[in-house]
Structure formats: C-alpha cells, structure tokens
Amino acid sequence: MLKKVIAIDQGTTSSRAVLFDEKSNLLDFEQKEFKQYFPNDGWVEHDPEEIWKSVFDVTDKLIKKHSLKPSDIAGIGITNQRETTVVWDKKSGKAIYPAIVWQDRRTSELCDGLRKETGIEQKIQQKTGLLVDPYFSATKLAWILDNVTGARKKAENGELAFGTIDSFLVWRLTQGRQHKTDATNASRTMLFNIDSHCWDDELLDFLKIPKKILPEVCDSVHDFGDTSLFGGNLKIGGIAGDQQSALIGQCCFNPGEAKSTYGTGCFLLLNTGDKRISSENRLLSTIAYRLDGKTTYGLEGSIFVAGSAIQWLRDELNFFESAGDTEEIISHRNVKSKVLVVPAFTGLGAPHWDPDSRGSIFGLTRDTSIADLTAATLESIAFQTKDLIGAMENDGANFSELRVDGGMVANNWFSQQLANILNIDVLRPKVIETTALGASYLASMKAGLCPNIESLNSSWVSEKTFCSEAKETKILQEKYQIWLSAVERTKGLY
Ligand code: ADP
C-alpha cells in the first residue's frame, strides 16, 4: 500500500482528521464538534479534555475505517486554531483551567493598561509583529497565572506547561514526552521575538511569565515526536497555525502571493518572503512558516465578520434557509440599489481596529428588498477585503492576484464581486480544504514524500479564475467611496 498522511485540523468549533494519499489527494475525513462555553460577557472557553477527546476519536475512527496499519501512514501533520491558551500540570497532564479561546476578551483591561505604559506598545509591535490585544496568548496566560490559586508558584517551580493547542496535542499524543510548538504558533503568542527567534525575556519579565512554562519552538517541518496511541509509532512531522497552514495549502510560497480565507471570519495572509514588513497600517507581521531554520514572513489582516454575516441574515432575519440560497436571491436585486451594510457586529478588525463600533445599514429606501440587503452584506465582505488590501499596499505590498478559499467562495457572485472591487484576478483552487492540505504538505516533507516546498507548486490547480469586469468595477469603485464614509460614520457611535 502506498503511504498516506493524516492531517489533524483542530478548529474553533470542531476537530477533523483528514486522510491524504502520497500525492496529497484528499481521500476522506472524520469530524467532530465540541462545546463552546461562554461563562461571562466576552469570555469564550473550551474544555481541553473535550478537544483532546475529539481529536483522538476522529483520528482513531479514520484509521480504523480505512484499516490503516502504522506502516501505511507516513506521518501526521497538525494545524490548529491559533492563540487559544492552555496551561496544564506536567505530572497529571490535566489542564489547570479551561482553554481560553482566541475570541475571549477578558484581558481587555490588562491590554489597556499595557498600552498606557510608555513605549510598551511600540516595543511589542517591534519585537513580536503584533498589536497589544486580548486576541493573542500572552495576556490569557498571565490571566491564568494570576487567577488560578497556586498557579504562579507552580509555574515558577517548573510544574506547569503552557501551550497553544498544537503544543497541548503534541504533549497528549506523545504522552508527555514532548513540549514543543512551531514558529507560526509561537509568533501568535505576543511573547516570541520574530527577529531573534527567541522567547523575549523583556516581555516575559514585563508580564511576569516564567520561561520554564514555555514550549521549545521548532521549525514547521520537524520531528515533533512519535505517538503510539493508534497501534504503532506514528511521527508528528509538521505543525502550522490554521491561517499559515492555509497559505501553505494554497502554495503561496513566493513573496507577493496571498490567500484569503472566507469562513466565519476572513483572514488575509500575504507572503512577504525573508523580509519582515513592519506595518504602519495596523496589520500584523507574523511568521508564515519556518523551514530548515529559514523564516518566511507574512503580513496578516483579519475581518471579524464574514460568513457569520450570512448566518445572521439566515438565522436572525430569516431571509433564507441556507447560505447556498444567496446566489439565487441576489439575482432579484435592484442593481441600482445603494444600500450598504457595515457588519461591525463585534467591532471592526484590521485596518480599523475599533472594538466598540457596531453594525449599521445605510441607504435604505422604501423598495429595499431582501435581495438588496443580501447583496449588500456580501459586498461588505468584499469592501472589507479592499480595505485590507489597500492597507497592505500602503505598507509596500503589490498584488497581482488573490487565492481564495473557505465556505463563502462557493458563492460565484461573491467571488466575482471580489475580483471586481479588488480589480485583480481572484483564483479559487480545486482543493478548497487548504488548511488541512497545508498540514499534510508539512508532514509529507518530513516523511520525504516531497523533497521541498517548491516541488509542491505544481500541485496547486485553479478550479475557476474570476477576472475583474471593467463596467462592474467602475460602479463598485464608486460605491466603495460611500462604503468608506459609512465605516467612518459607524465608528465611535457606541
Ligand atoms: P468555518 O471554517 O469558519 O466554520 P467555513 O469555511 O466552513 O467556515 O464556511 C462557512 C461560512 O460560509 C458560513 O458562515 C456560511 O454562512 C458561509 N457560506 C457557506 N456557503 C455560502 C454561500 N454559498 N454563500 C455565502 N456564504 C456562504
């Protein structure tokens, strides 16, 4: 039997194990959702045991379903929800507090306090490439150490381990033998210096985090250890955070190549090569991947609300039954409608970063219809993408095309609007499971199934290319100017 690769894709709402053949063709997957906990306003938690159980179960089920022997499997790759923070006891392996999820805002005040300290915000941006925000792991970890009885002392004694979800899974898979993470995940903690490639002593001192608690930071392709939980030894050969893994799955290996993922939210990541761009426009510099000690950097912007705006139209406004109905509905829109939706349900992300703004609708007329509002909501995601691309261009980036993936890009009208408003080609790949694919590529490299990253380029195939249509582009550019005013008017209202 030819060798297979398993990608473990540990996401925010579900865990998946995806089976690929030696040529990275997707063969099958298993998926399991787990519970979301909202114990307080703005708090979001996961139960690390439920995460672990879901990962173990889907992997075990997939292996059994295909009667795979350990010798049939070349390796395991892991991709994961980023920034989510777990602290566990090294002896028992049990978490001392639930996982604090990336969406959790409980450390807002701590971050406000940090911003007030002179020079710290600039220092954090310069060292880590990130902005001071509760989104990242550092203040979540500090919160656990401050709020769980005895945690700080135990951490100082070396009894506790911190990890993002990848580290926690590696610890569990290797039964406590390995405490490791990869550079992409480390770069989202707000503790990792992305120039010197070390945990930053100054930031650790500042947040009173003992270094002993942190994992070893490794390349994205690395021997992360073996797991013997599935009937024999399987190597964990690759790790990357979900957005970086999607960048790899989209084969954006050259500077200037970018991907945008449209799921619940939207994440645009641009490969900036061996040069780190320090954003002047409130975008994040991050590690795209690290191979053989060589770092490739990325510039990242995120939109908090993308597909979730379509869910809002479906579930709260009852406009349609399924997100897939939107294309047909839009065909009934009034093409002259100037209605604009700003879906700032949870504030605005990059490049606006206004956590307090809330959504608004402009330009309603007596004949505004469900079709007009649906079209305007989809357009708003395209306009936000233009905001991001504009910010990246102001930082010196140059776009010739954008590779897209995620649930929303199944919508042809939306993908076409993206091309029209951005005025570049929008490419939808044949394999849209790019996140898991990226992790499988990393594991394949470790297993020697492909010699290097360049050799993967030929595996990327476009399913459809959306080219900008001159007439539509002109109309949308005019509407975009109104969008910019609408965003300004939305900011600072609440
Ligand atoms: P996630 O990984 O964040 O759960 P997915 O990549 O599975 O998200 O995408 C699901 C999102 O895409 C949902 O929010 C849904 O509303 C949206 N979506 C799915 N199909 C369509 C469609 N045809 N048109 C517009 N939005 C869609």
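This text goes with the structure placed above it.
An account of the accompanying structure is given in this report. As the structure is a prediction and not an experimental result, all values here were calculated from the model.

Analysis parameters
- Residues numbered from 1 in each chain as written.
- Predicted model: local features only at pLDDT ≥ 70, side-chain atom pairs only at ≥ 80, totals over all residues.
- Heavy atoms only, no water.
- Helix = DSSP H or I, 4+ residues; strand = E, 2+ residues; numbered from the N terminus.
- Rg over C-alpha atoms; globule rule 2.2 N^0.38 Å.
- Contact = heavy atoms within 4.5 Å.
- Areas by Shrake-Rupley, 256 points an atom, 1.4 Å probe, with all protein chains shown as cover.
- Lys, Arg positive; Asp, Glu negative; His and termini not counted.
- Charge placed at Lys NZ, Arg CZ, Asp CG, Glu CD.
- Buried < 20%, exposed > 50% of the residue type's maximum accessible area, 1.4 Å probe, protein only.
- Pairing = 2+ DSSP bridges.
- Near = heavy atom within 4 Å.
- Polar contact = N/O pair within 3.5 Å; in protein donor to acceptor, adjacent residues only side chain to side chain.
- Nonpolar A, V, L, I, M, F, W, Y, C, P; charged D, E, K, R; others polar.
- Axes fitted to C-alpha atoms, helices over the stretch in contact; angles between N-to-C directions.
- Parallel < 35°, antiparallel > 145°, perpendicular 65-115°, else oblique.
- Phe/Tyr/Trp six-rings, centres within 6.5 Å; stacked < 30°, edge-to-face > 60°.
- Core = buried A, V, L, I, M, F, W, Y, C linked by side-chain atoms within 4.5 Å.
- Salt bridge = Lys/Arg side-chain N within 4 Å of Asp/Glu carboxyl O.

**Notes on the overall build of the chain**
Alright, step 1. When its secondary structure is counted, the chain shows 15 helices and 23 strands.
Alright, step 2. Relative to the globule expectation of 23 Å for 494 residues, the C-alpha radius of gyration of the chain, 22 Å, shows essentially globular dimensions.
Alright, step 3. Reported as C-alpha extents along the three principal axes, the dimensions of the chain are approximately 65 × 60 × 40 Å.
Alright, step 4. Contacts in the chain between residues at least 24 apart in sequence constitute 72% of all its contacts with a sequence separation of at least 6.
Alright, step 5. Accessible surface, the chain: about 19700 Å² in total, of which carbon and sulfur atoms supply 49%.
Alright, step 6. With 56 positive and 66 negative side-chain charges, the chain shows a spacing of 2 Å between the two charge centroids.

**Brief notes about the pairing of strand β17 (residues 284-291)**
Alright, step 1. Most of β17 is tucked away, with eight of its eight residues classed as buried.
Alright, step 2. As paired strands, β17 and strand β18 (residues 294-303) are joined by seven bridges and run antiparallel to one another. Counted as the bridge partner of I287 is Y297 from β18.
Alright, step 3. Here β17 folds back onto β18, and the loop between the two strands holds two residues, one of which, D292, carries a positive phi near 50°.

**Side note on the site of the ligand**
Alright, step 1. T264, G307, Q311, G407 and N411 are the nearest of the 13 residues found near the ligand.
Alright, step 2. Residue G307 places a main-chain N or O atom 3.0 Å away from an oxygen atom belonging to the ligand.
Alright, step 3. N411 is positioned such that a nitrogen or oxygen atom in its side chain is 3.2 Å from a nitrogen atom of the ligand.
Alright, step 4. In isolation the ligand offers 580 Å² of accessible surface; the protein chains occlude 67% of this area.
Alright, step 5. It is helix α10 (residues 307-315) that contributes the most residues to the shell around the ligand, four residues altogether.
Alright, step 6. Split into classes, the residues belonging to the shell around the ligand amount to three nonpolar, ten polar and no charged.

**Examining the side chain of S285**
Alright, step 1. On the secondary structure map, S285 appears in strand β17.
Alright, step 2. Polar contacts involving the side chain of S285 include one to the main-chain carbonyl oxygen of I277, which spans 2.4 Å.
Alright, step 3. S285 has contacts with T128, G129, L130, I194, R276, I277, S278, S279, G298 and L299, leaving out every residue within four places of it along the chain.

**Digging into the packing of helix α9 (residues 242-249) against helix α14 (residues 434-447)**
Alright, step 1. Look at α9 against α14: their axes get within 7 Å of each other, and the N-to-C directions meet at 80°. The angle between the axes of α9 and α14 places the two elements in the roughly perpendicular class. When α9 is examined against α14, the residues D242, S245, A246, I248 and G249 are found in contact with a partner set consisting of T434, T435, L437, G438, A439, Y441 and L442.
Alright, step 2. A per-class count over the contact of α9 with α14 returns six nonpolar, five polar and one charged.

**Here's the deal with the packing of aromatic side chains**
Alright, step 1. Enumeration over the complete set of coordinates arrives at 16 aromatic pairs.
Alright, step 2. Ring geometry for Y262 versus F414: centroids 5.2 Å apart, planes at 80°, classification edge-to-face. In this pair, Y262 sits in strand β15 (residues 258-262) while F414 sits in helix α13 (residues 412-422), placing the two residues 152 residues apart along the sequence.
Alright, step 3. F414 gets classed as buried once you look at its relative accessible area, which sits at 0%.
Alright, step 4. An aromatic cluster is present here, built from W102, Y135, F136 and F267 joined pairwise through their rings.

**Focus on the nonpolar core**
Alright, step 1. L141, L191, I213, Y262, F399 and F414 are the most contacted members of the largest nonpolar core, which totals 98 residues.
Alright, step 2. Ranked by residues supplied to this core, first place goes to helix α12 (residues 370-394) with twelve residues.
Alright, step 3. With residues up to four places along the chain from it excluded, the contact list for F399 reads A258, L268, L270, I389, M392, E393 and I424.
Alright, step 4. Ranked by size, the runner-up nonpolar core spans 31 residues in total, among them V55, V58, A161 and W171.

**Remarks on the sheet that holds strand β23 (residues 462-466)**
Alright, step 1. The seven strands lie next to each other as β17-β18-β16-β15-β21-β22-β23, forming an open sheet whose pairing is mixed. The two strands at the open ends of the sheet, each matched to only one other strand, are β17 and β23. Neighbouring strand axes in the sheet, compared pairwise and without regard to direction, differ in orientation by 30° on average.
Alright, step 2. Examined bridge by bridge, strand β21 (residues 401-405) and strand β22 (residues 425-429) share three bridges and lie parallel to one another. Pairing of L402 across the sheet is with V426, part of β22.
Alright, step 3. This element, α9, spans β15, β16 (266-273), β17 and β18 of the sheet and lies at about 60° to β17.

**Considerations on the packing of α12 against helix α15 (residues 470-490)**
Alright, step 1. It is the contact of α12 with α15, at a shortest axis distance of 11 Å, that shows an interaxial angle of 80°. In this view, α12 runs roughly perpendicular relative to α15, as classed from their interaxial angle. Only L476, Q477, K479, Y480, W483 and L484 of α15 make contact with α12, whose side of the interface consists of E379, S380, F383, Q384, K386 and D387.
Alright, step 2. Residue composition of the contact of α12 with α15, grouped by class: five nonpolar, three polar and four charged.

**Here we look at the pattern of salt bridges**
Alright, step 1. Under the defined criterion, the tally for this structure stands at 34 salt bridges.
Alright, step 2. Between D57 and K32 there is a salt bridge; the shortest N-O distance is 2.8 Å. Here the residue D57 occupies a position in helix α1 (residues 48-65), and K32 occupies one in strand β3 (residues 26-33), the gap between them amounting to 25 residues.
Alright, step 3. What makes D57 partly exposed here is its relative accessible area of 21%.
Alright, step 4. Across the pair R172 and E49 runs a salt bridge, and its minimum N-O distance is 2.6 Å. You can see R172 sitting in helix α6 (residues 165-173) and its partner E49 sitting in helix α1, a full 123 residues away along the chain.
Alright, step 5. Residues joined by salt bridges that share partners form a network here, namely R82, E83, R188, D242 and E300.

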